[in-house]
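A structural walkthrough
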Amino acid sequence: MTDVDIAGLGVWSEHFSNWDGFCAVLAGSAGTQSAALTPELIPPKERRRAPLAVKMAVEVMDQACRMAAVEPSEVATVFASGMGDMQITDYMCRTLATSPRMISPTKFHNSVHNASTGYWSIATHSHSPANAISGYSHSAAVAILEGAVQAVEEEVPVLVAVLEMAAPAPFKSVYDSDHPFSAALLLTPAGYHASPVASVRLGVASGAVDDPPLPTIHGVDLSNNFAARLLSLFTAIAQQGNATLQFPLSRNATLSLSIAAGHAVRTANA
Amino acid sequence: MRLAIGNYTATSAAGIGLAAMREAIGKRRSGLRRNDLEGCDLDTWIGRVDSLESVSLPSRLAHLYSRNNQLAWLGLQQDGMLDSLARLKEQLGQDRIGVIMGTSTSSIGRTEEAYTRLLPSERMRKEYCQPEVHNLHSPGLFVAEVSGITGPSLTISTACSSSAKVFASASRWISHGLVDAVLVGGIDSLCMSILYGFNSLELVSQNRCRPFDERRDGINIGEGCGYAILAREELIADAEFALLGYGESADAYHMSHPHPEGKGAVIAIDRALERSQLAADDIDYVNLHGTASQANDRIEAHALAQRFAESTLASSTKGWTGHALGAAGILEAVITLEALRHNLIPGTLNCEQPDPDFEFGVLMENVAMPVRNAMTNSFGFGGNNATLIFGQIND
């Protein structure tokens, strides 16, 4: 058993651009088209070079730290994605197929899976450990487990960010999702933060389960997005009740999350 | 918490399995060759694993076919690793073991190939429709499938520190009681993205890479694969070595250039020393990241000079293997463990005229001497650093 608190949350999609927006959509209001991502944390010069995936990650990471009122440079980071930055992979593979010597050096260095945590550490001047992982379709659950274990073992807050992009045409052969989604959770050792939004007990067991059903959100179809599987957890937190959710970690391992409501979410996103 | 190292193995251009690598190191025979990778016209040298293309996967694994998984498979057949895993599963239960792999580019070589033959609809041809291959967790999925381990699994991809960081995560998992043992490893295979990508950054040498030499002019891309079993000490009765410490850090400086003062590198080294409760003087050997790029070697020498006495023996082994990127961490962890086991410290192959401007001199020739504690460094793009310390268990 692993006990951690969730001190802050961040979330972004085409139809809601932060926690308040998500709660409004959950309550039945129509989502609005999210504005272009311009995460203020990244200095303008770097922001121009930052790929969309990095902006999606840094935006929600910043939201989570702000909600928790935790200094971004104090947190270790765990970034996770099953498919990675498919836009850059698509660019790389198309260029390699036609004119390999034309590869852009900037796009190449942005192609590393740890680009998001790299930009984050530069923007926040943080020397904290930065990780970038993948658990394929189970990346979100795997990242929460990895982040929680690190938070407890190292006694530090760990900022977990999860995302999947819209699939470029060739990738639709293996990952059929048209809609991007990113989310972040700031996990802390139990009792580390004075007013966490929720407390979570994690347990790992053998056996296969399906992901919990996603909330029905009018006009938004994130059902194929691996990262959006987190929305069941976010919904439970938004509803301020106690709940237990089970997520597959792999073909035969299951993560259970028992969520106890904490302090009401502060609307720090604005 | 110090953790025992069980069986380990490595496969690279320097040799398939430990015996071949040991012989190459002992005879100072480089595994580098002029670039002869099919489909790549760059004038450079590479560390290619011999005949990897002809390694065939069993039909039950056909859906996981990629060069990266061929290498993962070849590596798992060496040094009795599959037998060790079978015994470990018997001992602990398959669900009490975790899998943590490191990679920079996973099976992207297969994706590159799919893109050269897209259908007019822009979809992939049927033979390339392999969902468990075209993703970052492909190495973890493959190794879990082949080994039959059913505990938690993940793949770390932090560029060139990937398969050093697997030891840090595994250490936390075991210390936390999440699992009793972890199979850690790293796999990266030659692909066009990496060769042409590093070429675009003008980091690829047209010569054999010459780490720490004043004439060094870039890296040679290599491929490699390695594995190690990590477990609580009492679970591996005959363990000789332990993971004593790890240190992870970020440079917070630049996406593709290391911090000029080596700040992140020094922090990683300090964190590893602190965790292992050792002083720099206790380290008998340091296996360097030593890529042979202008910046890495200069900055790593500067970082070392801030902590280590000039008498500390340190070398880069990239002259044998090339830079295996996401697999460099595990390859060099295994080379470090081999130095502990066989009392032979590898020198820096291809370094003939050490850069006189460096504040720290590297070991050039192999040296036979007992090694109690040894360190290995891995530094990656995104300013991502990891340092590991291994030591003898018995006094």
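Residues numbered from 1 in each chain as written. Chains lettered and ligands numbered in written order. Predicted model: local features only at pLDDT ≥ 70, side-chain atom pairs only at ≥ 80, totals over all residues. Heavy atoms only, no water.

Below, the discussion takes up the overall build of chain A. Scanning chain A from N- to C-terminus turns up 8 helices and 8 strands. Computed over its C-alpha atoms, the radius of gyration of chain A comes to 18 Å, within 12% of the 18 Å expected for a compact globule of 270 residues. With respect to the three principal axes, the spread of C-alpha positions in chain A is 55 × 40 × 40 Å. Relative to its full complement of 270 residues, chain A shows a buried share of 62%. At a minimum sequence separation of 6, the contacts of chain A that also span at least 24 residues come to 73%. For chain A, the exposed surface amounts to about 9,400 Å²; the carbon and sulfur share of it is 50%. Measuring between centres, the 14 positive side-chain charges of chain A sit 11 Å from its 22 negative side-chain charges. (Helix = DSSP H or I, 4+ residues; strand = E, 2+ residues; numbered from the N terminus. Rg over C-alpha atoms; globule rule 2.2 N^0.38 Å. Buried < 20%, exposed > 50% of the residue type's maximum accessible area, 1.4 Å probe, protein only. Contact = heavy atoms within 4.5 Å. Areas by Shrake-Rupley, 256 points an atom, 1.4 Å probe, with all protein chains shown as cover. Lys, Arg positive; Asp, Glu negative; His and termini not counted. Charge placed at Lys NZ, Arg CZ, Asp CG, Glu CD.)

With that settled, consider the overall build of chain B. Looking only at helices and strands, chain B features 11 helices and 16 strands. Relative to the 2.2 N^0.38 estimate, which gives 21 Å for 395 residues, the radius of gyration of chain B is 20 Å and therefore close to what a compact globule would have. Referenced to the eigenvectors of the C-alpha coordinate spread, the extents of chain B come out at roughly 60 × 50 × 40 Å. Per-residue burial for chain B yields a buried fraction of 68% across its 395 residues. Surface accessibility of chain B: about 12,700 Å² in total, with carbon and sulfur atoms responsible for 46%. Distance between charge centroids for chain B: 4 Å, based on 33 positive and 47 negative side chains.

The subject of this paragraph is the sheet that holds strand β3 (residues 33-34) of chain B. Residues and elements named next belong to chain B. Across the sheet, 3 strands lie side by side as β3-β4-β8; this open sheet has mixed pairing. The sheet is open, and its two edges are formed by β3 and β8 (221-222), each paired on a single side. When β3 meets strand β4 (residues 45-47), the two strands line up antiparallel, connected through 2 bridges. Considered in β4, the bridge of R34 is made with W45. (Pairing = 2+ DSSP bridges.)

Right, let's get into helix α6 (residues 115-124) of chain A. All names here are of chain A. Counting buried positions over the 10 residues of α6 gives 10, a clear majority of the element. Of all the positions in α6, only A115, S116, T117, G118, Y119, W120, S121, I122, A123 and T124 are classed as buried. Phi turns positive one or two residues past the end of α6, at H125, with a value near 55 degrees.

The next thing to look at is the nonpolar core. Among the nonpolar cores identified, the biggest contains 100 residues, and A:L233, A:F234 and B:F167 are the most heavily contacted of them. Excluding residues within four positions of it along the chain, A:F234 makes contact with A:L9, A:G10, A:V11, A:W19, A:F22, A:A183, A:A184 and A:L185. B:A114, B:L195, B:V204 and B:I221 belong to the second largest nonpolar core, which has 69 residues in total. (Core = buried A, V, L, I, M, F, W, Y, C linked by side-chain atoms within 4.5 Å.)

This next bit is on the confidence of the model for chain B. Looking at chain B, pLDDT values average 97 and 100% of them are 70 or higher. Under the prediction, the complex receives an ipTM of 0.97, its pTM being 0.98. (pLDDT = per-residue confidence, 0-100.)

A word on the packing of aromatic side chains. Tallying each qualifying case throughout the model produces 12 aromatic pairs over all chains. Judged by centre distance (6.3 Å) and plane angle (70 degrees), the ring pair of A:F108 and B:F381 falls under edge-to-face. Placement of A:F108 in helix α5 (residues 105-110) and of B:F381 in the loop between β15 (373-380) and β16 (384-392) is noted, with the two residues assigned to different chains. For B:F381, a relative accessible area of 12% puts it in the buried group. (Phe/Tyr/Trp six-rings, centres within 6.5 Å; stacked < 30°, edge-to-face > 60°.)

Counting residues at the interface gives 66 residues for chain B, matched by 62 residues for chain A. Between chain B and chain A lies a buried interface of about 5,200 Å² when both sides are counted; carbon and sulfur atoms form 60% of it. Considering only the side of chain B, the residues that lose the most area to chain A are B:Y115, B:H176 and B:M255, jointly responsible for 15% of the buried surface there. In this structure, the connection of chain B to chain A is made through 7 salt bridges. With a shortest N-O distance of 2.7 Å, B:R275 and A:E154 are connected by a salt bridge. (Buried area = accessible area lost by both parts, 1.4 Å probe. Salt bridge = Lys/Arg side-chain N within 4 Å of Asp/Glu carboxyl O.)

Here we take up the pairing of strand β5 (residues 181-189) of chain A. All names here are of chain A. By the criterion of burial, β5 is predominantly enclosed, with 9 of the 9 residues buried. Pairing of strand β1 (residues 2-13) with β5, which is carried by 9 bridges, proceeds in the antiparallel orientation. Each bridged residue has a counterpart across the sheet, and for L9 the counterpart in β5 is L185. Relative to β5, strand β4 (residues 158-164) runs antiparallel, the two being bridged by 7 bridges. In the strand pairing of β5, V160 is matched with L185.

Residues and elements named next belong to chain A. Positionally, R47 belongs in helix α2 (residues 44-49). No salt bridge is formed by the buried R47; the nearest opposite charge belongs to E40, separated by 6.8 Å. Ignoring sequence-local partners within four residues, the contact set of R47 consists of T38, P39, E40, I42 and K55.

The next thing to look at is the packing of helix α7 (residues 139-154) of chain A against helix α6 (residues 162-176) of chain B. Look at α7(A) against α6(B): their axes get within 10 Å of each other, and the N-to-C directions meet at 75 degrees. Between α7(A) and α6(B), the angle falls in the class roughly perpendicular. Between α7(A), through A:E146, A:V149, A:Q150, A:V152, A:E153 and A:E154, and α6(B), the contact on the second element is made entirely by B:S169, B:R172, B:W173, B:S175 and B:H176. For the contact of α7(A) with α6(B), the per-class residue count stands at 3 nonpolar, 4 polar and 4 charged. (Axes fitted to C-alpha atoms, helices over the stretch in contact; angles between N-to-C directions. Parallel < 35°, antiparallel > 145°, perpendicular 65-115°, else oblique. Nonpolar A, V, L, I, M, F, W, Y, C, P; charged D, E, K, R; others polar.)

Let us look at unusual backbone geometry. Residue and element names in this part refer to chain B. One non-glycine residue, A159, lies in the positive phi region at around 55 degrees. Within the fold, A159 resides in the loop between β6 (153-156) and α6. In this structure, F212 is a non-glycine residue whose phi angle is positive, near 65 degrees. Within the element layout of this structure, F212 appears in the loop between α7 (192-200) and β8.

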